[in-house]
Structure formats: structure tokens, C-alpha cells
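Spelled out, the chains give:
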Amino acid sequence: MRIDIISVVPDLLHSPLSHSIMKRAQEKGLLEVNIINLRDYAINNHGQVDDYAFGGEAGMVLMIEPIDNCIQDLKKQRHYDEVIYTSPDGQTLNQGMANQLSMKENLIILCGHYKGVDERIREHLITKEISIGDYVLSGGELAAAVITDCIGRLIPGVLNDESSALFDSFQDNLLSHPVYTRPADYNGWKVPEVLYSGHQANIKKWKEDQALQRTQSRRPDLLK
Ligand code: ADE
């Protein structure tokens, strides 16, 4: 899969996407992340990509021309399954949406910024708007990093069997069971005995029960 991310603050994206699982996914050639500085498409040599809003509102608006030129440049090179815009007004990201997006070949993510983007970009160029939650970030970069991370780790081969996404919270609409490591007793704080009993069927049942109990107490909405 290839994800092209268009941003006016590309530095905000480099670090979150170049460590740990995202780094391995790229090294294995399973995920290609290409971060594009929108200022490379500025309308003048002052690097201008935004302007005042018509109607006298506070805040700058990203202009159509640099974004259109950037997206058209990308589209000349390959077909894109979705052109995503990160915005608090979008559809809220969840595991189901991430699963679907992880099966796509090529995605563009346009990061929102300042007051937003000229509405005509959303009408004519964007195919999907995604929010990462009901709160407002300073820009769409962190949202784009979250979306890329949560899609990228679902690409087959990115995770090894041990950390397989199949066991993640939310995959069955259930939260994960608790996990423990050594020591089995830390100053009287004990690991549930069943986990080191060696009895695989009991361990499996314990994990399932815990996942269900945890979901019932913390996120009963997921069970509806
Ligand atoms: N940009 C600002 N806030 C956002 C959010 N909650 N989700 C996605 N993009 C955003």
C-alpha cells in the first residue's frame, strides 16, 4: 500500500511514521509513506498556499490551486482509491473503517490546517473525510499519522503472529483482556494463577471472560 500525505507542516509527520511497526512496515516494502510539502506547490515564491477567508472571518484558508496541482500530479502517476481529508466534521475513525482502508492500494491524505481548506476542494477532490474524534486539533497532521498507523499495522505481513491484529481491542467489538509479565508476585501484587497453570483451555476461557467483563464495565456501548 502507498499513502501520500499532503501537509504544510511535513515535519510533524516524519517522526510518528518512522519508528517501530511503521518503520518495519516500510522496510519490508509493505507500506510506502510519501510525505509531500504543500509549499512545493505554492502559488508564488513566497511559499504562499493560504489566503484570507471571503466574508471576513478570522483565520487563513488553504487555497485550491496548490492542492489541486499537487493532487493532479499524484493522480498522473497512479490511480488512488480514496482522497481523504482530515477534519473534525468527517466520519469518525473506527476499527471497521481502518480494516476497509487497509485493503486499498493507494491513498492520498490531505491534512487540514488553519481555518480549513477552500470548500471547493472538499466538493470536487475529496472522496472521504475522516475525524479521529470529537475534539479539535491544531491541524490534521496528527490525525493523518493516527490514520496511517492504524491502517498500516493491518496490512497483511506487517505484524508478526504474536502481535497479530486479530487479537487487538475492537477487532470483535471487544476490549482486550489484561496482560501480565514477570515477576508473578510483585510485593504481594499477584498475577492470576490460571495464566501460569499451563492449562491452555482454561487460559483461553479466562482471556475471553476478561475481555467480555472489561467491555461490559468500560464500554457497554460496544456490545449493543
Ligand atoms: N483536524 C482538527 N481536528 C481534527 C480531528 N478531530 N480529526 C481529524 N482532523 C482534525
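Placed above this text is the structure.
Note that the structure is a prediction, hence the values are computed from the model and not measured. (Residues numbered from 1 in each chain as written. Predicted model: local features only at pLDDT ≥ 70, side-chain atom pairs only at ≥ 80, totals over all residues. Heavy atoms only, no water.)

Some words on a nonpolar patch on the surface
For step 1, the next point in the chain: A cluster of nonpolar side chains, Leu12, Tyr135, Leu137 and Leu142, forms an exposed patch at the surface whose accessible area comes to about 350 Å².
For step 2, the next point in the chain: Relative to the helices and strands, Leu142 is located in helix 6 (residues 141–152).
For step 3, the next point in the chain: Since its relative accessible area comes to 46%, Leu142 is described here as partly exposed. (Patch = residues over 30% accessible without salt bridge, like charges linked within 9 Å, V, L, I, M, F, W, Y side chains within 5 Å. Areas by Shrake-Rupley, 256 points an atom, 1.4 Å probe, with all protein chains shown as cover. Salt bridge = Lys/Arg side-chain N within 4 Å of Asp/Glu carboxyl O. Helix = DSSP H or I, 4+ residues; strand = E, 2+ residues; numbered from the N terminus. Buried < 20%, exposed > 50% of the residue type's maximum accessible area, 1.4 Å probe, protein only.)

Quick look at the side chain of Ser87
For step 1, the next point in the chain: By the element assignment, Ser87 lies in strand 5 (residues 82–92).
For step 2, the next point in the chain: If sequence neighbours within four positions are ignored, Ser87 has contacts with Arg122, Glu129, Ile130 and Ser131. (Contact = heavy atoms within 4.5 Å.)

What about unusual backbone geometry?
For step 1, the next point in the chain: The linkage connecting Arg182 with the following residue, Pro183, adopts the cis geometry, with an omega of 0°.
For step 2, the next point in the chain: Mapped onto the elements, Pro183 comes out in the loop between helix 6 and strand 9 (185–186).
For step 3, the next point in the chain: In this model, Asn173 sits at a positive phi of 60°, which is unusual for a non-glycine residue.
For step 4, the next point in the chain: Inspection of the secondary structure assignment puts Asn173 in the loop between helix 6 and strand 9.

Quick notes on the sheet that holds strand 4 (residues 60–62)
Strand pairing in a sheet relies on backbone hydrogen bonds, with the paired strands running either antiparallel or parallel.
For step 1, the next point in the chain: Strand order across the open sheet formed by 3 strands is 3-4-7, with mixed pairing between neighbours. Two strands bound the open sheet, and with one partner strand each, they are strand 3 (50–52) and strand 7 (116–117). (Pairing = 2+ DSSP bridges.)

A short note on the state of the cysteines
For step 1, the next point in the chain: Overall, the coordinates contain 0 disulfides when judged by the stated rule.
For step 2, the next point in the chain: Here Cys70 stays free of any disulfide, with the sulfur of Cys111 as its closest cysteine sulfur at 11 Å.
For step 3, the next point in the chain: Since its relative accessible area comes to 0%, Cys70 is described here as buried.
For step 4, the next point in the chain: Residue Cys150 stays outside any disulfide, its sulfur separated by 15 Å from that of Cys111, the closest cysteine. (Disulfide = S-S within 2.5 Å.)

Here we look at helix 3 (residues 64–77)
For step 1, the next point in the chain: Taking 1.5 Å per residue as the helical rise, helix 3 with its 14 residues ought to reach 20 Å, and the 20 Å between its terminal C-alpha atoms agrees with that figure.
For step 2, the next point in the chain: Residues Pro66, Ile67, Cys70, Ile71 and Leu74 constitute the buried set of helix 3. One side of helix 3 holds all its buried residues, which, seen down the axis, span an arc of 120°. (Expected span 1.5 Å × (residues − 1). Arc of directions from axis to C-beta.)

Focus on the pattern of salt bridges
For step 1, the next point in the chain: As enumerated under the stated definition, the model contains 12 salt bridges in all.
For step 2, the next point in the chain: As a salt-bridge pair, Asp118 and Arg120 come within 2.7 Å of each other at their nearest N and O atoms.
For step 3, the next point in the chain: A salt bridge links Arg219 to Asp221, with the nearest nitrogen and oxygen atoms 2.9 Å apart.
For step 4, the next point in the chain: Here the salt bridges do not stand alone but share partners, grouping Arg2, Asp4, Glu32 and Arg78 into one network.

What to know about the nonpolar core
Note on soluble globular proteins: their nonpolar side chains tend to be buried together.
For step 1, the next point in the chain: Ranked by internal contacts, the top residues of the largest apolar core, which has 28 residues, are Ile5 and Leu31.
For step 2, the next point in the chain: For this core, the secondary-structure elements that each account for two or more residues are strand 1 (2–7), helix 2 (20–27), helix 4 (95–101), strand 6 (106–111) and helix 6.
For step 3, the next point in the chain: Of all the elements, helix 6 adds the most residues to this core, at 5 residues.
For step 4, the next point in the chain: Discounting chain neighbours no more than four positions away, the residues touching Ile5 are Leu13, Leu17, Val33, Asn34, Ile35, Ile36, Ile109, Cys111, Ala144 and Thr148.
For step 5, the next point in the chain: The next biggest cluster of nonpolar side chains, apart from the first, holds 19 residues, and it includes Leu62, Ile71, Ile108 and Ile121. (Core = buried A, V, L, I, M, F, W, Y, C linked by side-chain atoms within 4.5 Å.)

Observations regarding the sheet that holds strand 2 (residues 32–37)
For step 1, the next point in the chain: Pairing in this open sheet of 5 strands is parallel, and the strands run 2-1-6-5-8 from one edge to the other. Pairing within the sheet leaves two strands with one partner each, and these edge strands are strand 2 and strand 8 (128–131). For this sheet, the mean inter-axis angle between neighbouring strands, taken without regard to orientation, is 30°.
For step 2, the next point in the chain: For strand 5 and strand 6, the ladder comprises 5 bridges, and the chain directions are parallel. (Axes fitted to C-alpha atoms, helices over the stretch in contact; angles between N-to-C directions.)

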